[in-house]
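Listed below, chain by chain, are the residues.
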Amino acid sequence: MKISIRRSRRAAVAVALGSVLALTATACGDDGSGGGGGDSGAEGSGKGEIVFWDNNGGVRTDSWKEVIADFEKANPDIKVEYVGIPSTDYQSKVDTAIQGGGLPDVGGVGAAMLAGFAAQNALEPLDDRLAKSSLNGKLNEDMVTSLKAAGGGDDKLYSIPTSANNGVLYYRTDLFKKAGLDEPTTWDKFYEAAEKLTNSGKNEFGYTIRGGAGSIAQALDAMYGQSGITSFWDSSGEKTTVNDPKNVAALEKYAALYKKVTPAADLNNDFTKMVAQWDSGTIGMLNHNLGSYQDHVKALGTDKFRGIPQPVGSAGKRVQVSNPVDGMGLFKSSKNKEAAWKFIEFATSHEENSKFNEAAGQVPSNNDAAKDAWISKAEPTKLAAAALTDGSTTIVQLPYYLPDWNTISKADNEPNFQKVLNGDMSAKEFLDTVAGQLNEAQAEWTERNG
């Protein structure tokens, strides 16, 4: 069944407008009022209060509060109000504020949701500000290019990159050694280990699968990693490869892990629950990204686990989907854009960007920060950087430029993925549904930008 993306978008906006999520009715800039998507804002005095929405609240709260304290010390005439929003709620919060008012001055804007916000005219283009800034030439060009491409087709920069992530397979070295297992460097070894490390009677499992929020991105990584398909679109550029028979077979095999070698609780686990479960239990492997490295170090130390690049396929080649670059956007409705931009500049400066990403375990966007000594000491970050530059890995670029990408890859289809895990929907039906939505979104985008 072909599902209308336009209908989906209208429904999403309706839900957002009817949401009872409590928005923070605080001052945005000098005049104490938060605008909506159509508000053009003002440069302001460069002093006073600004509001910052963190798109991964809770997980990164302490790190951001440290950056904010440093900023306020260096800029005593500017105060930053921090609002931490869980990643699962962030898009709906921003969409609601775009329609009804209450947007912050600055917010986390990663590649996955950037096009949707830009399409609603909510973000300030930052090209001219960056060109005149001390940051000019100091930011990783690949990250800047990635965010430009994600903006929706007008080649403008709507978000200043803060960090890049990468998929990681974490595994318990102590459990592998005890079981006499090889490192899970291939998909065959991954599946072998998942089965051998499972003893459900003793609450021991070989793997934890992500069934809750964020599940589809992880499933896509497993699919393309096994199928070896290296492009998200076919040669016409109009049809996605998501439902290619090789990807269907890969998803069938991957989804069959649920409850066979994984805890039943995985069905509803987002990344925070999944990570906490792995850190506190006896589960052999976890797919996540660089961002949870420090959590594992705190829970397990550095001698009981490793974080390695994703397994290679049968052809000896590693294929993985792109992880969205994260960044900071300046909302067009801000009444104090000058102060807001100062905060973005400060947060992405060498010292602050390095400090933030060391805590997060991610790759800094500031080129000087990326040369700091801590990177070589954080093994998963070091290995990820090598895998992305040594020719061993092919990246399947996800279509972050589609305004509907975040909705399609999250709210529209996460419930269906749970049905796949439970055996209530086939992998083919699930992927055909996703493909139909993506192909329609791509056609709309091509028509609009062609």
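When you go through the protein chain residue by residue, the secondary structure sums to 19 helices and twelve strands. Taken over C-alpha atoms, the radius of gyration comes to 22 Å for the protein chain, in line with the 22 Å a tight globule of 450 residues would show. Counting across all 450 residues of the protein chain, residues that qualify as buried make up 55%. For the protein chain, the share of sequence-separated contacts (at least 6 apart) that also reach a separation of at least 24 residues comes to 77%. For the protein chain, the exposed surface amounts to about 18500 Å²; the carbon and sulfur share of it is 49%. Positive and negative side-chain charges of the protein chain, numbering 46 and 58 respectively, have mean locations separated by a distance of 3 Å.

This paragraph deals with the sheet that holds strand β2 (residues 78–84). Taken in spatial order, the six strands make up an open sheet running β2-β1-β3-β10-β4-β11, and their pairing is mixed. For this open sheet the edge positions go to β2 and β11 (363–364), each flanked by a neighbour on one side alone. By the bridge criterion, seven bridges tie strand β1 (residues 48–54) to β2 in an arrangement that is parallel. Within the sheet, the bridge partner assigned to Glu49 lies in β2 and is Lys79. Contacts from helix α13 (residues 337–347) reach β1, β2, β3 (106–108), β4 (160–164) and β10 (326–330), with the element oriented near 165° to β10.

Looking now at empty space enclosed by the protein. The gaps of empty space that remain are located by a probe, the size of a water molecule, rolled over the atoms. A complete count under the given rule lists three cavities of 30 Å³ or more for this structure. Of the residues belonging to the lining of the largest cavity, the class tally is twelve nonpolar, one polar and no charged.

Scanning the model with the defined rule gives 23 aromatic pairs in all. Arranged with centres 6.2 Å apart and planes meeting at 50°, the rings of Phe52 and Tyr82 form a pair that is tilted. Of this pair, Phe52 sits in strand β1 while Tyr82 is found in strand β2, placing the two residues 30 residues apart along the sequence. When its relative accessible area of 1% is taken as the criterion, Phe52 is described as buried. Looking at Tyr82, the relative accessible area reads 17%, which means it is buried. An angle of 65° between the planes, with centres 5.4 Å apart, marks the rings of Phe52 and Phe343 as edge-to-face. One end of the pair, Phe52, is in strand β1; the other, Phe343, is in helix α13, and 291 residues separate them in sequence.

For the rest of this paragraph, the subject is the sheet that holds strand β7 (residues 283–289). Spatial strand order, β6-β7-β5-β8: four strands in an open sheet with mixed pairing. Taken across any chain shown, the strands that pair with only one partner, and hence form the sheet edges, are β6 (205–208) and β8 (305–308). Taking the axes of each pair of neighbouring strands and ignoring which way they run, one obtains an average angle of 20° across the sheet. As paired elements, β6 and β7 share three bridges and run parallel to each other. Along β7, the bridge assignment pairs Tyr207 with Met285.

Even without glycine at this site, Asn203 takes up a positive phi of about 60°. A relative accessible area of 53% means that Asn203 is categorised as exposed. Backbone geometry at Lys259 places phi at a positive 70°, although glycine is not the residue there. By the element assignment, Lys259 lies in the loop between α10 (245–255) and α11 (271–280). Under the relative-accessibility criterion, Lys259 is labelled exposed at 53%.

Criteria and cut-off values
- Every residue gets a number counted from 1 within its own chain, in the order that chain's sequence is written.
- Per-residue local features are limited, in this predicted model, to residues with pLDDT of at least 70; the limit for side-chain atom pairs, both in listing and counting, is 80 or more; totals at the level of whole chains, interfaces and linings are taken over all residues.
- As a convention, hydrogens and water are excluded, and side-chain values are obtained from all of the structure's heavy atoms.
- Working definition: helices are DSSP H or I runs of at least four residues, strands are E runs of at least two. Numbering for both runs from the N terminus.
- Only C-alpha atoms enter the radius of gyration, while the globule expectation follows 2.2 Å times N to the 0.38, with N the number of residues.
- Three labels apply to residues, based on accessible area from a 1.4 Å probe with only protein chains included: buried if under 20% of the type maximum, exposed if over 50%, partly exposed otherwise in between.
- Whether two residues are in contact is decided by their heavy atoms: any pair within 4.5 Å suffices.
- A 1.4 Å probe and the Shrake-Rupley method give the accessible areas. Residues count as covered only by the protein chains that appear here.
- Counting rule applied: Lys, Arg positive; Asp, Glu negative; His and chain ends not counted.
- Every charge is mapped onto a representative atom, which is NZ of Lys, CZ of Arg, CG of Asp or CD of Glu.
- When DSSP finds two or more bridges between two strands, those strands count as paired.
- Note on geometry: axes are lines fitted to C-alpha atoms, helical ones only across the stretch in contact, with angles between N-to-C directions running from 0 to 180 degrees.
- The rule is simple: put a 1 Å grid over the protein atoms alone, call a set of points where a 1.4 Å probe fits but cannot get out a cavity, call an open set with protein on both sides within 12 Å along at least five of seven lines a pocket, and count a residue as lining if it has an atom within 4 Å of a point.
- Grid points are joined across faces, edges and corners, and a volume is the space filled by probe spheres set on the points.
- Polarity classes work like this: nonpolar for Ala, Val, Leu, Ile, Met, Phe, Trp, Tyr, Cys and Pro, charged for Asp, Glu, Lys and Arg, and polar for all others, with Gly in that last group.
- Only rings of Phe, Tyr and Trp enter the pairing, Trp through its six-membered ring, and a pair is recorded when the two centres are within 6.5 Å. The plane angle decides the type: under 30 degrees is stacked, over 60 is edge-to-face, the rest tilted.

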